[in-house]
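Coordinate inspection notes
The residues making up each chain are set out below.
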Amino acid sequence: MKKVLLLLGCMFFFMVSAQKKGKDYSDILKSKNIYEINAFLRDAHPDDPRRSVLKPRVMEMMKEYIKNAHPADQKVKDMQEMLAMLRRRPSTKITFDEMNAIIKQKQIAKYKAELAAKQSTTVYTPSTAQNTYVVNANANAAIPNTEAEEFNMLMAVSPVEHKNRTVKILNSLFDNNPNAKECIVLIRNKSDCNIIVRMEGVGTTKYRLAVPAQGEGSIVIDKGQYLFTSLVCGAQYASQKTIERPIMVALGGQ
């Protein structure tokens, strides 16, 4: 009886703790949602007794999902990665450094493939004055994309220029020297519009990077203070950033 009371007491404590963090996991044992259980495993205290029940449950749910998924289901790869992590660790929670390492390895694989193919592997829809706009609710009018020509020009690099840029990016990705004068910036465009990200530093130091809709791009820049600006589907973006090490910037997410 004492063990039962102790277990109930621990569960109450952990439920209260989770609620204080802004998430209510009081009914998590009833959940049949993979992502909800996965979130609980990331947030819960390592000693939460519910872990012993929910971790094997969610792993079985993931296996079942993968087994019955359509061959073109984009979630299968994510589910496989989460399942592999749960086999090695208590949850899919990863540290900032681990996340950076994963992003870095994916970037290296991408640019190695481009170097081997001797051309960009990026698939995108060229911009026109009409295909990227926002609707002005008050005027009920479309705003044309004034950056269309510039975006297309930035994307249409020659094979030689593409090779030089790819080699520079790969060198930066492999360079672990903290005293290096340059570092890489990864821009992830989560919007449905082609964008140009402008980075303005001290004096005449300026960079610009075209990033396709729902795509990403990388650029190697000098370390320092920068004002990042962009026009994302007609909405202005501006942010001051200190670039001292590789970073990833996501734009257009909700």
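The preceding data block contains the structure.
Figured I'd write up the structure that's included with this text. For clarity, every value in this text was computed on a predicted model and none was experimentally measured.

1. A few points about the packing of helix α3 (residues 51–68) against helix α4 (residues 75–88)
The interhelical angle for the contact between α3 and α4, taken along N-to-C directions, is 150°, at an axis separation of 10 Å. Taken together, the axes of α3 and α4 lie roughly antiparallel to each other. Along this stretch, α3 crosses α4, giving a crossing that reads as left-handed. Together, K55, V58, M59, M62, K63, Y65 and I66 of α3 and K75, V76, M79, Q80, M82, L83, L86 and R87 of α4 make up the contact between the two elements. For the contact of α3 with α4, the per-class residue count stands at 10 nonpolar, 1 polar and 4 charged.

2. What to know about the pairing of strand β7 (residues 224–232)
Relative to β7, strand β4 (residues 195–200) runs antiparallel, the two sharing 4 bridges. Pairing of E200 across the sheet is with L227, part of β7. One ladder, built from 9 bridges, connects β7 with strand β8 (residues 235–243); its direction is antiparallel. In the sheet register, Q225 faces β8, and the bridge partner there is T242. Between β7 and β8, which pair antiparallel in sequence order, lie 2 residues; one of them, C233, sits at a positive phi of approximately 55°.

3. Comments concerning the packing of aromatic side chains
For the coordinates displayed, the defined rule picks out 3 aromatic pairs. Between Y124 and F151, the ring centres sit 5.9 Å apart and the planes meet at 80°, which makes this aromatic pair edge-to-face. Placement of Y124 in the loop between α5 (96–117) and β1 (135–136) and of F151 in helix α6 (residues 148–155) is noted, with a sequence separation of 27 residues between them.

4. Regarding helix α2 (residues 34–43)
Turning to α2, its buried residues are I34, I37, N38, A39, F40 and L41. Those residues of α2 that are buried lie in contact with α3 and α4. Capping the start of α2, N33 holds a side-chain oxygen 2.9 Å from the backbone nitrogen of Y35, two or three residues further along.

5. Here's the deal with the side chain of N145
In this fold, N145 is placed in the loop between β2 (141–142) and α6. Here E147 takes part through its backbone nitrogen, which lies 3.0 Å from a polar atom of the side chain of N145.

6. A look at the sheet that holds β7
Within the open sheet, the 4 strands sit side by side as β5-β4-β7-β8. Their pairing is antiparallel. Looking at which strands have only one partner, the edges of the open sheet turn out to be β5 (206–211) and β8. Adjacent strand axes in the sheet meet at a mean angle of 20°, parallel and antiparallel pairs treated alike. Pairing analysis gives 6 bridges linking β4 to β5, with the strands arranged antiparallel. Paired with M199 across the strands is Y207, a residue of β5. Helix-sheet contacts for α6 involve β4 and β5, and the interaxial angle to β5 is about 90°.

7. Quick look at unusual backbone geometry
Notably, Q214 is not glycine yet its phi reads approximately 55°, a positive angle. Here Q214 lies in the loop between β5 and β6 (216–222). Using a relative accessible area of 51% as the deciding quantity, one classes Q214 as exposed. One non-glycine residue, C233, lies in positive phi territory at about 55°. Within the secondary structure layout, C233 lies in the loop between β7 and β8. A relative accessible area of 19% means that C233 is categorised as buried.

8. Describing the packing of α2 against α4
Packing of α2 against α4 brings their axes to within 13 Å, and their N-to-C directions diverge by 35°. Both α2 and α4 take part in a crossing whose hand is left-handed. Contacts between α2 and α4 involve I34, Y35, N38 and L41 from the first element and K75, M79, M82 and L86 from the second. Taken together, the residues of the contact of α2 with α4 sort by class into 6 nonpolar, 1 polar and 1 charged.

Parameters at a glance
Residues numbered from 1 in each chain as written. Predicted model: local features only at pLDDT ≥ 70, side-chain atom pairs only at ≥ 80, totals over all residues. Heavy atoms only, no water. Axes fitted to C-alpha atoms, helices over the stretch in contact; angles between N-to-C directions. Helix = DSSP H or I, 4+ residues; strand = E, 2+ residues; numbered from the N terminus. Parallel < 35°, antiparallel > 145°, perpendicular 65-115°, else oblique. Left-handed = near helix turned anticlockwise from the far one by under 90°. Contact = heavy atoms within 4.5 Å. Nonpolar A, V, L, I, M, F, W, Y, C, P; charged D, E, K, R; others polar. Pairing = 2+ DSSP bridges. Phe/Tyr/Trp six-rings, centres within 6.5 Å; stacked < 30°, edge-to-face > 60°. Buried < 20%, exposed > 50% of the residue type's maximum accessible area, 1.4 Å probe, protein only. Polar contact = N/O pair within 3.5 Å; in protein donor to acceptor, adjacent residues only side chain to side chain.

So, to be careful, I would describe these as geometric facts and stop short of saying anything about function.
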